[in-house]
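Each chain, letter by letter, is given below.
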Amino acid sequence: MKNSNRVALVTGSTSGIGKAIALQLSDDGFNVVFHSRDSIEEGERLAASVPKATYFQADLSDQKQAKKLASNVLSTYGRIDVLVNNAGINAMIPHDSLKEASPKVWRELYEVNVIAPWTLIAETEHALRQSSCSDYTSSIVNISSHAGVRPKGASIPYAASKASLNHMTQLLALTLSPEIRVNAIAPGLVNTPMTEKWTDARKLWAEKSPMKRGAQPAEIAHVASMLVSSNYLTGEIILVDGGLNLT
Ligand code: NAD
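Residues numbered from 1 in each chain as written. Predicted model: local features only at pLDDT ≥ 70, side-chain atom pairs only at ≥ 80, totals over all residues. Heavy atoms only, no water.

**Points about the site of the ligand**
And step 1. Neighbouring residues of the ligand: 29 residues in total, closest Leu 60, Asn 86, Tyr 158, Val 190 and Thr 192.
And step 2. Between the ligand and Leu 60, the relevant distance is 2.7 Å, taken from a nitrogen atom to a main-chain nitrogen or oxygen of the residue.
And step 3. Between the ligand and Thr 192, the relevant distance is 2.6 Å, taken from an oxygen atom to a side-chain nitrogen or oxygen of the residue.
And step 4. For the ligand, the protein covers 94% of the area, taking 820 Å² as the surface of the free molecule.
And step 5. Class assignment for the residues of the shell around the ligand results in 13 nonpolar, 13 polar and three charged. (Near = heavy atom within 4 Å. Polar contact = N/O pair within 3.5 Å; in protein donor to acceptor, adjacent residues only side chain to side chain. Areas by Shrake-Rupley, 256 points an atom, 1.4 Å probe, with all protein chains shown as cover. Nonpolar A, V, L, I, M, F, W, Y, C, P; charged D, E, K, R; others polar.)

Okay, structure coming up:
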């Protein structure tokens, strides 16, 4: 089967968007590595539920643990072909409450949303290059946010961290080509545990977006699968917000 010897690591994949992406890539034939910070039982259950999958726990606010996650994947499978940097944290802070967005908040968000993806990419670069071939280029998919493209979002530090991830995506697409393609998905509202209580956002999407609703995680996973299966697309930030950015 296509992709049957290929390996995909999806960070933050025991819930929400990451879980949907990991299950989609497993359906696409990949050996999938599930990962989370806390939900060890759910990670082990998911890994046992699909063929040739594994689960590793790591707190990505600690870069030593991020490095260990990369080395665990490489020592288990001897290769990696796809890295999906999905794990992320948010902070709900009104944009005009500048002091509430303290240096501590900025550092926490950057550690998980920006520096951990960087660490994982740096630690897997060599292996991603080695597994790449002309028919199947290796691929990195960063899950950013429409808040990193438009001046919006749950807080300014969150939006800025996702804008940073988008810019990193384009810089690395240039730097790591042609062996490794690097793209980002910038979702709008997605129905996940993170957004369960975001009633204003749900109302906004229902009333204003052309698609009249937020996305389901599987709809983001479908786009990730398309990006991974392309053999040419690189440096793109795909806005998946049901068209809200047009309004
Ligand atoms: P979620 O809360 O279901 O998933 C977040 C995942 O990140 C969890 O699996 C969690 O284990 C992991 N994570 C958080 N902190 C971590 C840490 N310190 N170490 C390791 N893992 C950690 O949320 P989701 O909505 O599925 O979000 C997934 C990604 O999509 C995030 O990067 C988020 O910013 C982004 N996003 C979500 C939406 C949305 O509407 N849900 C919109 C735009 C972007």
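**Brief notes about the pairing of strand S2 (residues 31–36)**
And step 1. Within S2, six of the six residues are buried, leaving the element largely enclosed by the surrounding structure.
And step 2. The side-chain alternation of S2 yields two buried faces, one formed by Asn 31, Val 33 and His 35 and the other by Val 32, Phe 34 and Ser 36.
And step 3. Between the parallel elements strand S1 (residues 7–10) and S2, the chain passes through helix H1 (residues 16–27) in a crossover that is right-handed.
And step 4. Each parallel crossover has a hand, and for S2 linked through helix H2 (residues 40–49) to strand S3 (residues 54–57) it is right-handed. (Buried < 20%, exposed > 50% of the residue type's maximum accessible area, 1.4 Å probe, protein only. Helix = DSSP H or I, 4+ residues; strand = E, 2+ residues; numbered from the N terminus. Right-handed = clockwise from strand over helix to strand, strands pointing away.)

**Section: the nonpolar core**
And step 1. Of all hydrophobic cores here, the largest spans 29 residues; its most connected members are Ile 21, Leu 25, Phe 34, Val 84 and Ile 185.
And step 2. Sorting the residues of this core by element identifies S1, H1, S2, H2, strand S4 (82–85), strand S5 (138–143) and helix H7 (217–229) as the ones contributing at least two each.
And step 3. Of all the elements, H7 adds the most residues to this core, at six residues.
And step 4. Non-local contacts of Phe 34, meaning those with residues more than four positions away in its chain, are made with Val 10, Ser 13, Ala 22, Leu 23, Gly 43, Leu 46, Ala 47, Val 50, Ala 53, Thr 54, Tyr 55 and Phe 56. (Core = buried A, V, L, I, M, F, W, Y, C linked by side-chain atoms within 4.5 Å. Contact = heavy atoms within 4.5 Å.)

**Remarks on unusual backbone geometry**
And step 1. Of the consecutive residues Ser 177 and Pro 178, the connecting peptide bond is found in the cis state with omega at 0 degrees.
And step 2. The topology assignment puts Pro 178 in the loop between helix H5 (156–176) and strand S6 (180–187).
And step 3. With phi around 55 degrees, Lys 52 is a residue other than glycine that occupies positive phi space.
And step 4. When you line up the elements, Lys 52 lands in the loop between H2 and S3.
And step 5. Not every positive phi belongs to a glycine, and Lys 212 is a case in point at roughly 60 degrees.
And step 6. Note on placement: Lys 212 falls in the loop between helix H6 (199–208) and H7.

**A closer look at the side chain of Thr 192**
And step 1. Residue placement: Thr 192 occurs in the loop between S6 and H6.
And step 2. Residue Thr 192 is classed as buried on the basis of its relative accessible area of 11%.
And step 3. Setting aside residues no more than four positions away along its own chain, Thr 192 makes contact with Gly 16, Ile 17, Arg 202 and Pro 217.

**Thoughts on the packing of helix H4 (residues 103–131) against H5**
And step 1. Closest axis-to-axis distance for the H4/H5 pair is 9 Å, and the angle between their directions is 15 degrees. By the criterion of interaxial angle, the relationship of H4 to H5 is roughly parallel. Between H4 and H5 lies a crossing whose hand is right-handed. Here Val 105, Trp 106, Leu 109, Tyr 110, Asn 113, Val 114, Pro 117, Trp 118, Ile 121, Glu 125 and Arg 129 of H4 lie close against H5, whose contacting residues are Ile 156, Pro 157, Tyr 158, Ala 160, Ser 161, Lys 162, Ser 164, Leu 165, Met 168, Leu 172, Thr 175 and Leu 176. (Axes fitted to C-alpha atoms, helices over the stretch in contact; angles between N-to-C directions. Parallel < 35°, antiparallel > 145°, perpendicular 65-115°, else oblique. Left-handed = near helix turned anticlockwise from the far one by under 90°.)

**Considerations on the pattern of salt bridges**
And step 1. Enumeration according to the criterion identifies 10 salt bridges in this entry.
And step 2. One salt bridge in this structure joins Lys 203 and Glu 207, with 3.6 Å as the shortest N-O distance. Separated by four residues within a single helix, Lys 203 and Glu 207 lie in helix H6, roughly one turn from each other.
And step 3. Within this structure, Arg 6, Arg 79 and Asp 81 form a network of salt bridges that share partners. (Salt bridge = Lys/Arg side-chain N within 4 Å of Asp/Glu carboxyl O.)

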